[in-house]
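Topology and contacts: notes
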Amino acid sequence: MEAKVFWILILLSANNVLGQTPNRFSDSQTADAFFDINAVRKHPLILAHRGGPGLSDTENSITTFDKTARALPNAIIEMDVRLTRDSSFVLLHDATLDRESDATGPVAEKTLNEIKKVRLKTLSGELTAQTIPTFTDVLIWNKNRYMLALDVKPGTDPLRVMKDVEKHQAVHSVFIICYSIAEAQRVREQYPSLWLAVGVNTMADLERLETSKPLSGRLIALTPQKLQPVSFYERLHKLGMLASVGTYGVNQLDEKPMADAKAGYQKLFSQGGDIITTDRPVDVFALF
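Parameters at a glance
Residues numbered from 1 in each chain as written. Predicted model: local features only at pLDDT ≥ 70, side-chain atom pairs only at ≥ 80, totals over all residues. Heavy atoms only, no water. Helix = DSSP H or I, 4+ residues; strand = E, 2+ residues; numbered from the N terminus. Rg over C-alpha atoms; globule rule 2.2 N^0.38 Å. Buried < 20%, exposed > 50% of the residue type's maximum accessible area, 1.4 Å probe, protein only. Contact = heavy atoms within 4.5 Å. Lys, Arg positive; Asp, Glu negative; His and termini not counted. Charge placed at Lys NZ, Arg CZ, Asp CG, Glu CD. pLDDT = per-residue confidence, 0-100. Salt bridge = Lys/Arg side-chain N within 4 Å of Asp/Glu carboxyl O. 1 Å grid on protein atoms, 1.4 Å probe; cavity = no way out; pocket = protein on both sides within 12 Å on 5 of 7 lines; lining within 4 Å. Points joined across faces, edges and corners; volume = space filled by probe spheres on them. Nonpolar A, V, L, I, M, F, W, Y, C, P; charged D, E, K, R; others polar.

A few words now on the overall build of the protein chain. The helix and strand tally for the protein chain stands at 12 helices and 11 strands. In summary, the protein chain has a C-alpha radius of gyration of 19 Å against a globular reference of 19 Å for 288 residues, a match within 12%. Dimensions of the protein chain, computed from the C-alpha atoms along their principal axes, are close to 55 × 50 × 45 Å. Across the 288 residues in the protein chain, those meeting the buried criterion constitute 49%. Restricting the contact set of the protein chain to residue pairs at least 6 apart, pairs at least 24 apart contribute 61%. On the protein chain, the mean spot of the 33 positive side-chain charges and the mean spot of the 34 negative ones are 2 Å from each other.

Our focus in this paragraph is the confidence of the model for the protein chain. Residues at a pLDDT of 70 or more form 93% of the protein chain, whose mean pLDDT is 92. Below pLDDT 50 for its whole length, residues 1-19 participates in 8 contacts with residues either more than four positions away or in separate chains.

If you check the backbone angles, S87 has positive phi at about 65° while not being a glycine. Relative to the helices and strands, S87 is located in the loop between β2 (76-83) and β3 (89-91). With a relative accessible area of 38%, S87 lands in the partly exposed category.

Looking now at the environment of I62. Checked against the element boundaries, I62 lands in helix α4 (residues 62-71). Classification of I62 by relative accessible area gives partly exposed; the value is 25%. Sequence separation between I62 and K117 is 55 residues; the distance between their C-alpha atoms is 16 Å.

A few words on the pattern of salt bridges. Enumeration over the complete set of coordinates arrives at 17 salt bridges. Put simply, K163 and E166 hold a salt bridge, and the shortest N to O gap is 4.0 Å. With K163 and E166 both in helix α7 (residues 158-167) and 3 residues apart, this pair spans about one turn of that helix. A single network of salt bridges, built from pairs that share partners, joins R50, E59, D94, R99, E100 and D279.

Moving on, we get to the layout of surface pockets. Approximately 500 Å³ is the volume attributed to the largest pocket. Lining the largest pocket are 27 residues, and of these D151, I177, L222, S244 and Y248 sit closest to its centre. Within the residue set of the lining of the largest pocket, elements represented by two or more residues are β2, β7 (174-177), β8 (195-199), α9 (203-210), β9 (219-223) and β10 (242-246). If you tally residues by element for the lining of the largest pocket, the top one is β10, at 3 residues. Among the residues making up the lining of the largest pocket, the classes are represented as 11 nonpolar, 10 polar and 6 charged. Of the pockets and cavities examined, the second largest pocket occupies roughly 220 Å³. What lines the second largest pocket is a set of 15 residues, and nearest its centre among them are G52, P53, G54, D279 and P281. Secondary-structure elements contributing two or more residues to the lining of the second largest pocket are α4 and α12 (281-286). Residue composition of the lining of the second largest pocket, grouped by class: 5 nonpolar, 4 polar and 6 charged.

Below, the structure written as structure tokens:
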């Protein structure tokens, strides 16, 4: 009996070290501590765009999510949620299946059974045996261990997505990326303790947020990929908002050799960026 207890304790200790303890984000306090601006200004948060796949990996897949999360337990795992023809939630970045899988056509025109037969391709185009996960699959996999960023695509109701989140008691291990302040307000009314992300591209956007009292607190600003003046980020910080900056895409830092891009990532953080949204999360994390 003593030996059995000993090994249970060893396993629990290992899970804690890896940051994989179930219900790590079990309440609003744990989520708020994760996004604490004072802690973040000491070390940026890393958001793994589409899960952070390399060339030999699939995007928006549990296989890639698991690989990234094991390497970086504090990474934010970003994913794209879409609606099928029969109102099921699945993960895919593009509106169509063409680039990412062995099928073609819009996701919105397929049933869940049809989606389940589709096989994913890696970023380099190699076909795999991996299937497109449902959003429920991801919630079951996560068990509140890692913070998930939900890019709920246009045409998919974020409040319906949140009903699934609520069903799995995962309200505090996700945040919703909203496409407008009005959408953010709609979600905030139903989920006051939920973290939300909204686009803040100009000073005019910032001024609108300053007058949107229903949105005060628990906000992440999705800021331009082009580095902004220090004053821009300082103003966000005065509102208690974290600034997320994307480094992926054509002619962005993620496309450059790391030796050439290193100073750019570090300047992004020193200038005021709090969350680095990147296609190479492990390499970027190592810079800090």
